[in-house]
Amino acid sequence: MKRLITIISLITSFSVYAQGDSLFSLKKFIEGEFTDFTVDNLNNIFLFNQSGQLKKLTPNGDSIAIFNDVRRYGKINSIDVSNPLKVLLYFKDFGSVVILDRFLSKRDVLDLRKMGLYQVSAIAQAYDNGYWIFDEQEGKLKHLNDQGLLIDQFTDFRVLFDSMPSPQFIADQNKNLYLYDELKGVFIFDYYGTFKQRLTFTGWKDFTVINNILFGRKERELFRYEPGTLQLQHYTVPVGMALALKIKITPDHLYVLRSNRLEIYSYKR
């Protein structure tokens, strides 16, 4: 909770930083031309370089493991490291899900097409070590077990909504599921398929959920919303950060991906 309060304080202070008051400072940077990155809840860093290699680093920047087979499966669509012991790589074009262990050794490969899933827009790790997938062909959110077998599926979204969302992001947190469609907003469900809320926050980049609080950015604005408060907070970020390829907020740090390096910021506690 203390860390969450700290990161909230950081977010609410971005406008002050923009005026020159350095509330957080550059802790370190990792040089390289990276195409994407993410961070797990132990602050391990996962970096994709231009050759398609995936590298895992410690919070101090030391290399732990490398996975060189990324290109074998095509263009990667998403990576989920919400479980530090299990890395999930989704290759949408070929309907493949590659599961790696914490040392980036391949554990399994799920062929979604062989399972009759031909149009999966998003996939995420579930609370029970299984998977959540959104099947666009049937318009359903489905729950699979660790072997990829169907456990449950929600009501057809074409029945629930006038215009069916096509989520690009799914997060499983604290008994809630958050589905984000950049064109239609956030859709919140519980584990049993009960629709709880829709938030029309569209056009957000770097969407993430931390302890049920939603974060995202759009142009030079950083947004924060806690469901139930009915108050959307937004703050102007410095021009340099607004031009970043990607920004990721965690309870410990702020990560900023630029064309030639990944910057890691710490902040006052």
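What you are looking at is a predicted structure, and each value in this text was computed from that prediction instead of being measured.

Go over the sheet that holds strand E10 (residues 120-125), please, and point to the residues and values.
The strand order across the open sheet built from four strands is E10-E11-E12-E13, with neighbouring strands paired in antiparallel fashion. Looking at strand neighbours, the two that pair on one side only are E10 and strand E13 (150-153), the edges of this open sheet. Across the sheet, the mean angle separating the axes of adjacent strands is 25 degrees when strand polarity is ignored. In this structure, E10 lies alongside strand E11 (residues 131-135), joined through five bridges in antiparallel fashion. Note that in E11 the partner of Ala-122 across the bridge is Phe-134.

Now, about the sheet that holds strand E7 (residues 86-91): what can you tell me, with residues and values included?
Ordered by their spatial adjacency, four strands build an open sheet running E6-E7-E8-E9, and the pairing between neighbours is antiparallel. Both outer strands of the open sheet, strand E6 (78-83) and strand E9 (106-111), are each paired with one neighbouring strand and no more. Here the average twist between neighbouring strands, direction ignored, is 20 degrees. Summarising the sheet, E7 and strand E8 (residues 96-101) pair through six bridges and their orientation is antiparallel. Residue pairing across strands places Tyr-90 opposite Val-97, the latter belonging to E8.

If you had to explain unusual backbone geometry to someone new, which residues and values would you point to?
Located in the positive-phi region is Leu-104, a residue other than glycine, with phi close to 65 degrees. Leu-104 gets classed as buried once you look at its relative accessible area, which sits at 3%. For Lys-175, which is not glycine, the phi dihedral falls at a positive 70 degrees. Inspection of the secondary structure assignment puts Lys-175 in the loop between strand E14 (169-173) and strand E15 (176-181).

How would you summarise the pattern of salt bridges if you had to cite specific residues and measurements?
Taken as a whole and assessed by the stated rule, the structure comprises eleven salt bridges. A salt bridge links Asp-146 to Lys-86; the nearest nitrogen and oxygen atoms lie 2.9 Å apart. Of this pair, Asp-146 sits in the loop between strand E12 (140-144) and E13 while Lys-86 is found in strand E7, placing the two residues 60 residues apart along the sequence. With a relative accessible area of 0%, Lys-86 lands in the buried category. A cluster of three or more residues bridged by salt bridges with shared partners is formed by Asp-135, Glu-138 and Lys-142.

Help me get a handle on the environment of Phe-103, residues and values and all.
Looking at the element boundaries, Phe-103 is found in the loop between E8 and E9. Relative accessible area serves as the criterion here: at 42%, Phe-103 is assigned to the partly exposed category. With sequence-adjacent residues up to four places away left out, Phe-103 is seen in contact with Ile-64 and Ala-65.

Which residues make up the pairing of strand E23 (residues 254-257), and what values do they have?
Going residue by residue along E23, you find Leu-254 and Val-256 tucked away on one face and Tyr-255 and Leu-257 tucked away on the opposite face as well. Sheet analysis places strand E22 (residues 246-249) next to E23, joined by four bridges and oriented antiparallel. From the neighbouring strand, Lys-246 faces E23, where its bridge partner is Leu-257. Taking the residues that link successive antiparallel strands as the turn, the E22-E23 hairpin has four residues.

I'd like a rundown of the pairing of strand E17 (residues 195-199), residues and numbers included.
When strand E16 (residues 185-190) meets E17, the two strands line up antiparallel, connected through four bridges. Note that in E17 the partner of Phe-187 across the bridge is Arg-198. The antiparallel hairpin formed by E16 and E17 contains four residues in its connecting segment, where Gly-193 sits at a positive phi of about 90 degrees.

How would you summarise the packing of aromatic side chains if you had to cite specific residues and measurements?
For the coordinates displayed, the defined rule picks out 19 aromatic pairs. Here the aromatic rings of Phe-169 and Phe-207 are separated by 5.3 Å at their centres, their planes lie at 75 degrees, and the arrangement is edge-to-face. Highlighted residues: Phe-169 in strand E14 and Phe-207 in strand E18 (residues 205-210), separated in sequence by 38 residues. Ring geometry for Tyr-180 and Phe-207: centres 4.4 Å apart, planes at 5 degrees, overall stacked.

Talk me through the environment of Ile-247; I want residue IDs and the actual numbers.
Assignment of secondary structure puts Ile-247 in strand E22. Between the C-alpha atom of Ile-247 and that of Leu-262, which follows or precedes it by 15 residues, the distance is 9.7 Å. Those residues in contact with Ile-247 that lie beyond four places of it in its chain are Asp-206, Arg-217, Met-241, Leu-254, Tyr-255 and Val-256.

Reading guide: rules and limits
Numbering of residues starts from 1 in every chain and runs along the sequence as written. Local features in a predicted model are, by the rule used here, given only for residues with pLDDT of at least 70; side-chain atom pairs are given and counted only at 80 or more, and totals for whole chains, interfaces and linings are based on all residues. Calculation of side-chain values draws on the structure's entire complement of heavy atoms; hydrogens and water are dropped beforehand. Note on pairing: DSSP must find at least two bridges between two strands before they are called paired. For the purposes of this entry, the term helix denotes a DSSP run of H or I that reaches at least four residues, the term strand denotes a run of E that reaches at least two, and both are numbered from the N terminus. Interaxial angle, 0 to 180 degrees, is taken between N-to-C directions of lines fitted to C-alpha atoms, where a helix line uses only the stretch in contact. For every residue, the accessible area (1.4 Å probe, protein chains only) is compared with the maximum for its type, and the residue is labelled buried under 20%, exposed over 50%, or partly exposed between those bounds. Whenever a carboxyl oxygen of Asp or Glu lies within 4 Å of a side-chain nitrogen of Lys or Arg, that contact is scored as a salt bridge. Pairs of residues are marked as contacts when any of their non-hydrogen atoms sit within 4.5 Å. The pairing test for Phe, Tyr and Trp rings, Trp by its six-membered ring, is centres within 6.5 Å, and the orientation test on the planes gives stacked under 30 degrees, edge-to-face over 60, and tilted for anything in between.

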